[in-house]
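# Descriptive analysis of the structure
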Amino acid sequence: MTTKEDKNLIIEGRLFWASVHTPNSHSGKYQVDISIDETTTSLLSALGVPIKKEEDHIDSNGVKGKYVGTENDRKTYVTAKRSLEAKDGTPLKKATIVDAKTQSVGAETALGNGTRANVKVNPFEWKFKGKKGVSLGFSVIQVLDLVEFKQNGLDGFEITEGYTGKTTTTLTSADDEDPFAMAG
């Protein structure tokens, strides 16, 4: 952990609702919730970063209480976001995602709830429509222990012997010719 005088901090925690390859559908930004320990909570709180508590979560039905649907606990957490473009409209690069050995992790690696990671965050002040506050941006995520996100409700299923559906073939570079072109 770096000191609060630093612009960039590296915090360790468990990731939840990681929208790091595609923007979050609610905020329109890349974002991730990071569960944090007491030391990190104190440091970020002193910087004015809003700290969230799991018991304060309000679900889509307006019910307040423990968030259901995660294997790991995110009792105390912060939300870090990354814009798609700078204030002047210039596109920003996506955050860098690396593994424990700092090797790049591809976009096909979906970070599931409970993934343990180091996250480079930068607290910044903002003002918008008469309101002001402090938020967290993020630029790099180092995955220490991956919990893969399984899409389409396939969590818990393992590959077994049995029925295998038909597979589709894809064109390779040797098959570049248009199969629908008329022979001349």
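Computed from a predicted structure; not experimentally measured. (Residues numbered from 1 in each chain as written. Predicted model: local features only at pLDDT ≥ 70, side-chain atom pairs only at ≥ 80, totals over all residues. Heavy atoms only, no water.)

### A word on a nonpolar patch on the surface
- Residues Phe124, Trp126 and Phe128 make up a contiguous nonpolar surface patch of roughly 300 Å² in combined accessible area.
- Of note, Phe124 is situated in strand E6 (residues 115–128). (Patch = residues over 30% accessible without salt bridge, like charges linked within 9 Å, V, L, I, M, F, W, Y side chains within 5 Å. Areas by Shrake-Rupley, 256 points an atom, 1.4 Å probe, with all protein chains shown as cover. Salt bridge = Lys/Arg side-chain N within 4 Å of Asp/Glu carboxyl O. Helix = DSSP H or I, 4+ residues; strand = E, 2+ residues; numbered from the N terminus.)

### Details of the layout of surface pockets
- Volume-wise, the largest pocket comes out at about 840 Å³.
- Lining the largest pocket we find 27 residues, and of these Lys29, Lys81, Ser83, Phe124 and Ser135 sit closest to its centre.
- Of all the elements in the fold, those that place two or more residues in the lining of the largest pocket are strand E4 (76–82), E6 and strand E7 (131–145).
- Among the residues making up the lining of the largest pocket, the classes are represented as 11 nonpolar, 8 polar and 8 charged. (1 Å grid on protein atoms, 1.4 Å probe; cavity = no way out; pocket = protein on both sides within 12 Å on 5 of 7 lines; lining within 4 Å. Points joined across faces, edges and corners; volume = space filled by probe spheres on them. Nonpolar A, V, L, I, M, F, W, Y, C, P; charged D, E, K, R; others polar.)

### Observations concerning the pattern of salt bridges
- The full count for this structure, using the stated rule, is 1 salt bridge.
- Linking Arg116 and Glu12 is a salt bridge whose minimum nitrogen-to-oxygen distance equals 2.9 Å. Linking Arg116 in strand E6 with Glu12 in strand E1 (residues 9–19), this pair joins segments that are 104 residues apart in sequence.

### Describing the side chain of Thr41
- Structurally, Thr41 can be placed in helix H1 (residues 38–46).
- Residue class for Thr41 comes out buried when judged on its relative accessible area of 18%.
- Separated by 2.7 Å, the side chain of Thr41 and the backbone oxygen of Asp37 make a polar contact.
- Leave out the neighbours within four places in its chain, and Thr41 touches Ile36, Ile51 and Thr76. (Buried < 20%, exposed > 50% of the residue type's maximum accessible area, 1.4 Å probe, protein only. Polar contact = N/O pair within 3.5 Å; in protein donor to acceptor, adjacent residues only side chain to side chain. Contact = heavy atoms within 4.5 Å.)

### Brief notes about the confidence of the model for the protein chain
- Model confidence for the protein chain is summarised by a mean pLDDT of 80, while 70% of its residues fall at 70 or above.
- Segment residues 68–72 is flagged for pLDDT under 50; beyond a separation of four residues in sequence, or across chains, it makes 6 contacts in the model. (pLDDT = per-residue confidence, 0-100.)

### Notes on H1
- The set of residues buried in H1 consists of Thr40, Thr41, Leu43 and Leu44.
- Elements that come into contact with the buried residues of H1 comprise E1, E4 and E7.
- The backbone nitrogen of Thr39 lies 3.3 Å from a side-chain oxygen of the residue at the head of H1, namely Asp37.

### Points about the nonpolar core
- One finds Ile11, Ile34, Val119, Val121, Phe138 and Ile141 to be the most contacted residues of the largest nonpolar core, which totals 25 residues.
- Looking at this core, the elements with two or more residues in it are E1, strand E2 (30–35), H1, E4, E6 and E7.
- When residues of this core are assigned to their parent elements, the largest contribution, 5 residues, is made by E7. (Core = buried A, V, L, I, M, F, W, Y, C linked by side-chain atoms within 4.5 Å.)

### Examining the environment of Phe16
- When you line up the elements, Phe16 lands in strand E1.
- Considered as a pair, Phe16 and Asp33 are 17 residues apart in the sequence and their alpha carbons are 5.0 Å apart.

### Quick notes on unusual backbone geometry
- One non-glycine residue, Trp17, adopts positive backbone phi at about 50°.
- Among the secondary structure elements, Trp17 is positioned in strand E1.

### Focus: the pairing of E7
- The pairing of E4 with E7 spans 2 bridges and is classified as parallel. Residue Lys81 lies in a different strand from E7, and its bridge partner there is Gly137.
- Relative to E7, strand E5 (residues 96–98) is paired through 3 bridges, and the arrangement is parallel. In the sheet register, Ile97 faces E7, and the bridge partner there is Ile141.
- By the bridge criterion, 13 bridges tie E6 to E7 in an arrangement that is antiparallel. Paired with Lys120 across the two strands is Val140, which belongs to E7.
- Taking the residues that link successive antiparallel strands as the turn, the E6-E7 hairpin has 2 residues, and the phi of Lys129 there is positive, at about 50°. (Pairing = 2+ DSSP bridges.)

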